[in-house]
Amino acid sequence: MRSFFTIILILTCSCTSFSQSPEEIIKSIFNNALTDNTAQEHLLYLCKNTKGRIPGSQEALHAARYTMNALAEAGVDTVWLQEVPVPHWERGNELAVLESSLGTLELTISALGLSVGTEPGGIDAHLVEVHNFEQLEEIGRDNINGKIVFFNRPVDNTLINTFSGYGGAVDQRISGASEAAKYGALAVIVRSPTQARHDFVHTGVVRYQENIPEIPAVCVSPHDAEILSRWLKNDNKSILHLVSDCRNYRDTISYNVIGEIRGSEKPNEYITVGGHLDAWDISEGAHDDGGGCVQSIETVRLFRELGIKPRRSIRAVMFMNEEMTSTGGVVYADEAEKKGEIHYAALESDRGVMSPLGFGFGNAGDERLEKLFRLEEYFKPYGIRYFARGGGGSDISPLRRFNTLQIGYIPDTQKYFWFHHSANDTFEQVNIREMQLGSAAIASLIYLIDLYDL
Ligand SMILES: [Zn+2]
């Protein structure tokens, strides 16, 4: 049954092209998304033909060309590339072997993005295991200098919000190298931040502090982190032989890809829906974030195919370089500022493409939030019931300067960190129906926000 709120809105909305009710339009969006194969084909292509598309790579350029065509095929009015300065880093040979009185143990490792490499021939050093940065201070420089620091604090699995768990452990990966280097460490090896105890190793960016020696940083699989810790307890004189031939090159240029449907009434107001096109070199970037890009393309495809004429201009944006230095989102907002564009709302899908739970809304006052929360009624028939305060995404966050509503797509993320930033993030790990449900939910939300001036 249509709510009172809905009836009021329908009477006041200036929807031009439809005699159908919003409920009927949303149903047609879900019907189309759940029976059309375009999204599956796009994701398959990105995963299998542009695998390893880190910023600055040829694969990333290939992905930009591909999604530009995909947006054109989806029927956008205009599609273009936006230049983005990006780092250029490449992985090399990697090896970590522990020599201990217990024997020899080869570890599954992965260099962190933007990390410096080891000297040719590698590093041979004793290890010191810690769980946090305070412990470095307690142990002291005398016991760390000339060693490799092993950060082994696991993700807190008691936290139901998997992103909170990840957030509580990822400081070791991001800042561990500089923190350990302050005490004379030669390198760091970091337990992969994930709820899983498997053999997949995570990667991700390391950030060096200024005026601190830059030392090599690698992650180790959670399973090997457990074994390494056990072996060190038995023999703390073990020596790790660590080789990582990764390198930083001069910055280069890559691209955001932007496809736009011109608004019928307020063409100079924009609603952005996006994901990031770059992905880690060891992964296919299926959940992170090829799926988010495909859902953004789906949003404009669904509008076009179903003849939905948005009042505002809708942009699907494939942001470049979220993973390393997040320049794509900054360039997009800077150019919007130069052109005096009005950015009404922005949504990002970058938490994987599992089944939709709902949306989080950030950068909105209580009154706007209350109206947005009432939209939940439209989504209940599809099992989507989580409308929460707070949300967004790193690529759309630079739009906050325009007071733009920030929306984060929220799927069920209990398995997300089994894939995240690892070789396990493959096309095969995506349940296409779940991704389709997400696309339909995103397109429906954008349609309602535009329709009702929310
Ligand atoms: Zn991501």
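Criteria and thresholds
- Counting from 1, residues in each chain are numbered in the order their sequence is written.
- The model is predicted, so local features are restricted to residues of pLDDT at least 70 and side-chain atom pairs to those at 80 or more, both for listing and for counting; the totals for chains, interfaces and linings are taken over all residues.
- In computing side-chain properties, one takes all heavy atoms of the structure into account and sets aside hydrogens as well as water.
- A 2.8 Å cut-off from the metal defines N, O and S donors, relaxed to 3.2 Å for Na, K and Ca; water is not in the atom list, so some sites may appear incomplete.
- Where helices and strands are cited, they refer to DSSP runs of H or I of at least four residues and of E of at least two residues respectively, numbered from the N terminus.
- To sort residues, take the accessible area from a 1.4 Å probe on protein chains only and compare it with the maximum for the residue type: under 20% means buried, over 50% means exposed, and anything in between is partly exposed.
- The criterion for strand pairing is that DSSP finds at least two bridges linking the strands in question.
- Note on method: axes are straight lines fitted to C-alpha atoms, helices fitted across the in-contact stretch only, with angles between N-to-C directions ranging 0 to 180 degrees.
- In what follows, residue pairs with any heavy atoms lying within 4.5 Å of each other are defined as contacts.
- In plain terms, two cysteine sulfur atoms within 2.5 Å form what is called a disulfide here.
- Here a helix's expected span is defined as the number of its residues, less one, multiplied by 1.5 Å.
- As used in this record, nonpolar core signifies buried Ala, Val, Leu, Ile, Met, Phe, Trp, Tyr and Cys residues forming a set joined through side-chain atoms within 4.5 Å.
- Each Phe, Tyr or Trp ring (for Trp, its six-membered ring) is paired with any other whose centre lies within 6.5 Å, and the angle between the two planes then decides the class: stacked below 30 degrees, edge-to-face above 60, tilted in between.
- Charge over a ring is defined by NZ of Lys or CZ of Arg lying within 6 Å of the ring centre and within 35 degrees of the ring normal.

(A) Highlighting the coordination of the zinc ion. In the first shell of the zinc ion, the protein supplies His-276 (NE2), Asp-288 (OD), Asp-350 (OD) and Asp-350 (OD), at 1.9 to 2.8 Å from the metal. Mapped onto the sequence, the residues coordinating the zinc ion show the spacing H-x11-D-x61-D. Taken together, the residues span a long stretch of sequence, with His-276 in strand E11 (residues 266–276) and Asp-350 in the loop between strand E13 (342–348) and strand E14 (356–362) at a distance of 74 residues. Judged by relative accessible area, His-276 falls into the buried class, the value being 0%.

(B) Inspection of the sheet that holds strand E10 (residues 247–261) at higher detail. Within the open sheet, the eight strands sit side by side as E1-E10-E12-E11-E13-E16-E14-E15. Their pairing is mixed. What marks the edges here is a single partner per strand, and that holds for strand E1 (78–90) and strand E15 (386–389). The average angle at which neighbouring strand axes cross in this sheet is 20 degrees, direction not considered. Strands in contact with helix H4 (residues 58–74) are E1, E10 and strand E12 (312–319); relative to E10, the strand with the most contacts, it is inclined by about 5 degrees. The strands that helix H11 (residues 327–339) touches are E1, E10, E11, E12 and E13; relative to E1, the one it contacts most, it runs at about 140 degrees.

(C) Structural context of the state of the cysteines. Applying the stated rule across the entire model yields zero disulfides. Unpaired in this structure, Cys-47 has its nearest cysteine sulfur neighbour in Cys-293, at a distance of 11 Å. Cys-47 sits in the buried class, given a relative accessible area of 0%.

(D) Inspection of helix H2 (residues 22–35) at higher detail. Spanning 14 residues, H2 covers 20 Å between terminal C-alpha atoms, matching the ideal 20 Å at 1.5 Å per step. Those residues of H2 that sit buried are Pro-22, Ile-25, Ile-26, Ser-28, Ile-29, Phe-30, Asn-32 and Ala-33.

(E) Representation of the nonpolar core in the model. Phe-359, Leu-375, Leu-445 and Ile-449 are the most contacted members of the largest nonpolar core, which has 70 residues in total. Ranked by size, the runner-up nonpolar core spans 29 residues in total, among them Ile-54, Leu-127, Ile-189 and Cys-246.

(F) How the structure looks around the packing of aromatic side chains. Under the defined criterion, the tally for this structure stands at 15 aromatic pairs. When the ring of Tyr-45 is compared with that of Tyr-66, the centres are 4.0 Å apart and the planes differ by 5 degrees; the resulting orientation is stacked. Of this pair, Tyr-45 sits in helix H3 (residues 38–49) while Tyr-66 sits in helix H4, and the two are 21 residues apart along the sequence. The class for Tyr-66 is buried, based on a relative accessible area of 18%. Taking 6.0 Å as the distance between ring centres and 70 degrees as the angle between the ring planes, the aromatic pair formed by Phe-359 and Phe-379 counts as edge-to-face. With a gap of 20 residues between them, Phe-359 in strand E14 and Phe-379 in helix H13 (residues 376–379) connect regions that are remote in the sequence. Comparing Phe-359 with Phe-379, the two get one shared label, buried. Among the aromatic residues, those joined into a ring-pair cluster are Phe-359, Phe-361, Phe-373, Phe-379, Phe-387 and Tyr-409. For Arg-315, the ring lying beneath its charged end belongs to Tyr-270, and the centroid distance is 4.0 Å. The ring of Trp-418 has Lys-415 lying over it, and the distance from NZ or CZ to the ring centre is 5.6 Å.

(G) Spotlight on H4. Across its 17 residues, H4 extends 24 Å between first and last C-alpha, which sits within 8% of the 24 Å expected from 1.5 Å per residue. Within H4, burial applies to Ala-60, Ala-63, Ala-64, Tyr-66, Thr-67, Ala-70, Leu-71 and Ala-74. Buried residues along H4 sit in contact with H3, E1, E10, helix H10 (286–305) and E12. Of the residues flanking the end of H4, it is Gly-75, one or two places downstream, whose phi is positive at about 100 degrees.

(H) Highlighting the environment of Gly-167. Mapping Gly-167 onto the fold places it in helix H7 (residues 162–167). Sequence separation between Gly-167 and Asp-245 is 78 residues, and the spatial gap between their C-alpha atoms is 28 Å.

(I) Region of interest: unusual backbone geometry. Cis peptide bonds are those with omega within 30 degrees of zero, and the linkage from Asp-288 to Asp-289 qualifies with 0 degrees. In this structure, Asp-289 sits in helix H10. With a phi angle near 55 degrees, Ser-326 is a residue other than glycine that sits in the positive phi range. Locating Ser-326 in the fold gives a position in the loop between E12 and H11. Ser-326 gets classed as partly exposed once you look at its relative accessible area, which sits at 24%. Phi is positive for Asp-453, close to 55 degrees, though the residue is something other than glycine. Relative to the assigned elements, Asp-453 resides in the segment after helix H15 (432–452). For Asp-453, a relative accessible area of 34% puts it in the partly exposed group.

(J) Looking closely at the pairing of E12. Along E12, eight of the eight residues are buried, which leaves the element largely enclosed by surrounding structure. With five bridges joining them, E10 and E12 adopt antiparallel strand pairing. Within E12, the position partnered with Glu-260 by the bridge is Arg-315. By the bridge criterion, eight bridges tie E11 to E12 in an arrangement that is parallel.

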